[in-house]
Amino acid sequence: MKIGIIGAGNIGATLARKLSSHGHAVKLANSRGPDTIAELAREAGAVAVERQEAVHNVDVIILSTPFDKHAELAALLIGVPENVIVIDTSNYYPFRDGDIADINNGKPESVFASEVLQRPLIKAWNAVLAATLAEKGVADGSGSRLAIPVAGDSANAKAIALELVNQTGFDAVDAGPLNESWRQQPGTPAYCTELKIDELNLALQTADKARAPLNRDALINEFIAAGSLLTHDAIIARNRAVTA
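Rules behind the numbers
All residue numbers refer to position in the chain's written sequence, counted from 1. Selection of residues for local features in this predicted model requires a pLDDT of at least 70, selection of side-chain atom pairs for listing and counting requires 80 or more, and totals for whole chains, interfaces and linings are taken over all residues. Excluded from the side-chain calculations are hydrogens and water; all other atoms, namely the structure's heavy atoms, are used. The numbering of helices and of strands both runs from the N terminus, where a helix is a DSSP run of H or I of at least 4 residues and a strand a run of E of at least 2. As a reference, a globule follows 2.2 Å times the number of residues to the power 0.38, and the radius of gyration itself is taken over C-alpha atoms. Each residue's exposure class comes from its accessible area (1.4 Å probe, protein chains only) as a fraction of the maximum for that residue type: buried when under 20%, exposed when over 50%, partly exposed otherwise. Residues count as neighbours in contact if any of their non-hydrogen atoms are within 4.5 Å of one another. Accessible areas in this description were obtained via Shrake-Rupley with a 1.4 Å probe; residue shielding takes into account the shown protein chains only. His is not counted, nor are the chain ends, whereas Lys and Arg count as positive and Asp and Glu as negative. Lys charges are placed at NZ, Arg charges at CZ, Asp charges at CG and Glu charges at CD. The term salt bridge refers to a side-chain nitrogen of Lys or Arg lying within 4 Å of a carboxyl oxygen of Asp or Glu. UniProt positions are given in the numbering used here, feature names are shortened, and annotations may be inferred rather than shown by experiment. Arc definition: directions from the helix axis to the C-beta atoms. Side-chain atoms within 4.5 Å link the members of a nonpolar core, which is a set of buried Ala, Val, Leu, Ile, Met, Phe, Trp, Tyr and Cys residues. Stacked, edge-to-face and tilted labels apply to pairs of Phe, Tyr and Trp rings (six-membered ring for Trp) whose centres lie within 6.5 Å, assigned for plane angles under 30 degrees, over 60, and everything in between, in that order. Any two strands with at least two DSSP bridges between them are considered paired.

A. Molecular detail of the overall build of the protein. Counting its secondary structure elements, the protein contains twelve helices and eight strands. Whereas a compact globule of 244 residues would reach a radius of gyration of roughly 18 Å, the protein reaches 17 Å, a difference of no more than 12%. Its C-alpha atoms give the protein principal-axis dimensions of roughly 45 × 40 × 40 Å. Among the 244 residues that make up the protein, the fraction classed as buried is 54%. Of all intrachain contacts in the protein linking residues separated by at least 6 positions in sequence, the fraction that spans at least 24 positions is 68%. Total accessible area computed for the protein in this model is approximately 10900 Å², and 52% of it derives from carbon and sulfur atoms. When the 22 positive and 29 negative side-chain charges of the protein are each reduced to one mean point, those points stand 1 Å apart.

B. Just the pattern of salt bridges, in detail. This structure, assessed with the given rule, holds 15 salt bridges. Among the salt bridges present, the one from Arg 145 reaches Asp 140, with a minimum N-O distance of 3.6 Å. Since its relative accessible area comes to 3%, Arg 145 is described here as buried. Note on Asp 140: relative accessible area 58%, which makes it exposed. Note that Arg 145 is salt-bridged to Asp 171, the shortest N-O span being 3.0 Å. With Arg 145 in the loop between helix 8 (130–135) and strand 7 (147–152) and Asp 171 in strand 8 (residues 171–174), this residue pair connects regions lying 26 residues apart in the sequence. This pair shows no difference in class: Arg 145 is buried, exactly as Asp 171 is. Within this structure, Asp 88, Glu 109 and Lys 123 form a network of salt bridges that share partners.

C. Focus on the UniProt feature "domain: Semialdehyde dehydrogenase NAD-binding" (unreviewed entry) in the protein. Following the UniProt record, one finds the feature "domain: Semialdehyde dehydrogenase NAD-binding" (unreviewed entry) at residues 2–103. Annotation note: span residues 2–103, helix share 37%, strand share 20%, distance between end C-alpha atoms 32 Å.

D. Main features of helix 4 (residues 70–77). Restricting attention to buried positions, one finds in helix 4 the residues His 70, Leu 73, Ala 74, Leu 76 and Leu 77. Buried residues of helix 4, viewed axially, fall in a sector of 160°; they line one side. The exposed set on the far side of helix 4, more than 90 degrees from its buried face, consists of Ala 71 and Ala 75. Of the surrounding secondary structure, the elements contacted by the buried residues of helix 4 are strand 1 (2–6), helix 3 (51–54), strand 4 (60–63), strand 5 (85–88) and helix 7 (109–117). Of the residues one or two after helix 4, Gly 79 is the one with positive phi, at around 90°.

E. Highlighting the nonpolar core. One finds Ile 3, Ile 5, Leu 15, Leu 28, Ile 62, Ile 87 and Trp 125 to be the most contacted residues of the largest nonpolar core, which totals 31 residues. Those elements that place two or more of their residues in this core are strand 1, helix 1 (10–21), strand 2 (25–29), helix 2 (38–44), strand 4, strand 5, strand 7 and helix 9 (155–167). When sequence neighbours within four positions are dropped, the list of residues in contact with Ile 87 reads Val 60, Ile 61, Ile 62, Leu 63, Ile 122, Ala 124, Trp 125, Ala 161 and Leu 164. Membership of the second largest hydrophobic core comes to 25 residues, among which are Ile 6, Ala 29, Ile 100 and Ala 113.

F. Structural context of unusual backbone geometry. Phi is positive for Trp 125, close to 60°, though the residue is something other than glycine. With respect to the helices and strands, the residue Trp 125 is situated in the loop between strand 6 (122–123) and helix 8. One non-glycine residue, Glu 194, adopts positive backbone phi at about 50°. Examined against the element boundaries, Glu 194 turns out to sit in the loop between strand 8 and helix 10 (197–205).

G. Structural view of the packing of aromatic side chains. In this structure the tally under the stated criterion is three aromatic pairs. With centroids separated by 6.2 Å and ring planes inclined at 25°, the aromatic side chains of Phe 67 and Phe 112 adopt a geometry described as stacked. Taken as a pair, Phe 67 in the loop between strand 4 and helix 4 and Phe 112 in helix 7 lie far apart in primary sequence, 45 residues in all. Cluster of aromatic residues (ring-pair linked, three or more members): Phe 67, Tyr 92 and Phe 112.

H. Highlighting the pairing of strand 2. Counting buried positions along strand 2 yields four of five residues, so the element is predominantly enclosed. Note that strand 1 and strand 2 share five bridges and pair parallel. Of the residues in strand 2, the one forming a bridge with Ile 3 is Val 26. Relative to strand 3 (residues 47–48), strand 2 is paired through two bridges, and the arrangement is parallel. Paired with Lys 27 across the bridge in strand 3 is Val 47.

Now the structure itself:
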C-alpha cells in the first residue's frame, strides 16, 4: 500500500520503519520540511516529503501529531479522495492542547477530531507508549504478544487498520465505532497498560467514562513531577494501578 505519515516523532518514525519493512511505500512528513528528516526517513525505509505530498496519491494517511494540530491539518485533507483512509494516533491532554469544552463535556476525542478534520477517522496506535511500539512488537502467534485497540465506523477502513496494526507486531482488537473510542483514551484501563488480547477486551468493556479524565490528569501530573526519574515500566505500572 501507499502510506503517508504526517508526524516524524517517536510514534510516526516507528510506524514508518515498521510499515516500510512490510513492503509498504511510505512517505514521511513533518512541520519543518523534508530536509530536517531526510536521514531519519532514509533509515526507516521511507521518503521524506512535504506535508502536502504526504497526502497525495496514497491509500492511507496516518496522522501522528499532537492533538491540537488537527485544525491546521484539516486544510491538507481538502481534496483528498473519500476512499483514502485516515488514521489518527493522537490523544487529548488539556495541559498541552488547551481546554476543549466539547471533550471536557464528554464528546470522545476522536469524534471531535473527525469533526475538525471533516473526515471519518480510524483511531489506532494511540493507546501505546512509543517504547512499547518500538520494542515490544513480536510475530503473530507469539504467546507474549500485546494488543492494541482500533476504533472506527467504516468496516473496510477498520479492517485495513487492523491489519496494519498486526503488521507492526501487535494483536489488533476491534474496539467498536468511533463514538466508543473513549474506551481507549488516556485514563482508561486500555490506555498504555501493555495488555494481551483477552486482557484488553476486558479493559475496554470495563472502562469508566466519567472517571477517565480524572485518572488522566492525576497520572500526567504525577509523571511530570517525577520527570527523568520515571522509567517505562513505572509508567505502565502506574497506569495499570490508577485505572484498574
